[in-house]
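This is what each chain is made of:
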Amino acid sequence: MGSAKKSTAAARKARIEEMRRAEQSRERRNRILTIGAAVVVVAGLVVGSIVLVQSQSDDSTAADGKGKGHFVTGSDGVKTWKGTLGRNHVVKTVSYPMEPPVGGDHNQVWMNCNGDVYTKALNNMNAVHSLEHGAVWVTYTSAAKKADVDALAAKVKKTPYTLMSPDDKQKDPIMLSAWGHQRTVTGAKDPNVDKFFEKFVQGEQTPEPGAACTGGLGQ
């Protein structure tokens, strides 16, 4: 039994390291492309970003995110969304049928999720894009114990394709979310934390496996 656990841990460590190396390679390629880009292209991107921001600021009409459906709770305590989860890039504000959201239409820019720990609540539309890339999102309320928050933050920081942020709108003190899946945990030492990470960090549910978790938005 002990050797099996060690083998599983070693395999998981190797998978995380492989994802980290892939992410670093993407970062290097992005830097090279950025350095070699023509000034006119950069100027065009700046203008496009300004137009996008203005569009997002001016249009606050809510969309439903094509998230019609309901959760079904499995014997392992993980809730799975049964229904349609839209994947369109939109500039309108999306009203999701769950909090935190586990999918649906979202902003075209993702939140950085390379072990990023945020101290302020995130825009759900950007975080959902991170889930689409295969990230696990750890969220907590002010009712969560500081020791648990600190321990979970340490875990996130060393795990590629994860992010963490406060969310006082959610029902329970600590929740874990992936694309189409979600669960509540009792604290950082809850064994279900590791189980959720192992299954859903770049798991089979990922709509866009291997997509970047850097080069998006920070806080």
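Just so you know, these numbers come straight off a predicted model, no measurement behind them.

**A word on the packing of aromatic side chains**
(1) Moving on: According to the stated counting rule, one finds two aromatic pairs in the structure shown.
(2) Moving on: A ring pair is formed by Phe 71 and Trp 81, whose centres lie 5.0 Å apart and whose planes are at 85°; its orientation type is edge-to-face. A residue pair is termed long-range when its members are at least 10 positions apart, and Phe 71 in strand β2 (residues 69–73) and Trp 81 in strand β3 (residues 79–83) qualify at ten residues.
(3) Moving on: Look at Trp 81 and you get buried, because its relative accessible area is 10%.
(4) Moving on: Over the face of the ring belonging to Phe 71 we find Lys 79, whose NZ or CZ atom lies 4.8 Å from the ring centre.
(5) Moving on: Stacked on the ring of Phe 197, the Lys or Arg Lys 155 has its end atom at 4.9 Å from the ring centre.

**Section: the state of the cysteines**
(1) Moving on: What the rule picks out here adds up to one disulfide.
(2) Moving on: Covalent S-S linkage joins Cys 113 and Cys 213, the inter-sulfur distance amounting to 1.7 Å. Its torsion about the S-S bond being -90°, the disulfide of Cys 113 and Cys 213 is classed as left-handed. Here Cys 113, found in the loop between β4 (93–94) and β5 (114–117), pairs with Cys 213, found in the segment after α5 (191–200); they are 100 residues apart in sequence, far enough to count as distant.
(3) Moving on: A residue is classified by how much of its surface remains accessible, and Cys 213, at 1% relative accessible area, is buried.

**Topic: the nonpolar core**
(1) Moving on: Grouped together as the largest cluster of nonpolar side chains are 39 residues, with contacts concentrated most on Leu 122, Val 136, Val 138, Leu 163, Met 164, Phe 196 and Phe 197.
(2) Moving on: The set of elements that each furnish at least two residues to this core consists of α3 (124–132), β6 (136–140), α4 (146–157), β7 (162–166), β8 (174–178) and α5.

Rules used in this analysis
- Residues numbered from 1 in each chain as written.
- Predicted model: local features only at pLDDT ≥ 70, side-chain atom pairs only at ≥ 80, totals over all residues.
- Heavy atoms only, no water.
- Phe/Tyr/Trp six-rings, centres within 6.5 Å; stacked < 30°, edge-to-face > 60°.
- Helix = DSSP H or I, 4+ residues; strand = E, 2+ residues; numbered from the N terminus.
- Buried < 20%, exposed > 50% of the residue type's maximum accessible area, 1.4 Å probe, protein only.
- Lys NZ or Arg CZ within 6 Å of the ring centre and 35° of its normal.
- Disulfide = S-S within 2.5 Å.
- Core = buried A, V, L, I, M, F, W, Y, C linked by side-chain atoms within 4.5 Å.

The analysis is restricted to geometry; functional conclusions fall outside its scope.
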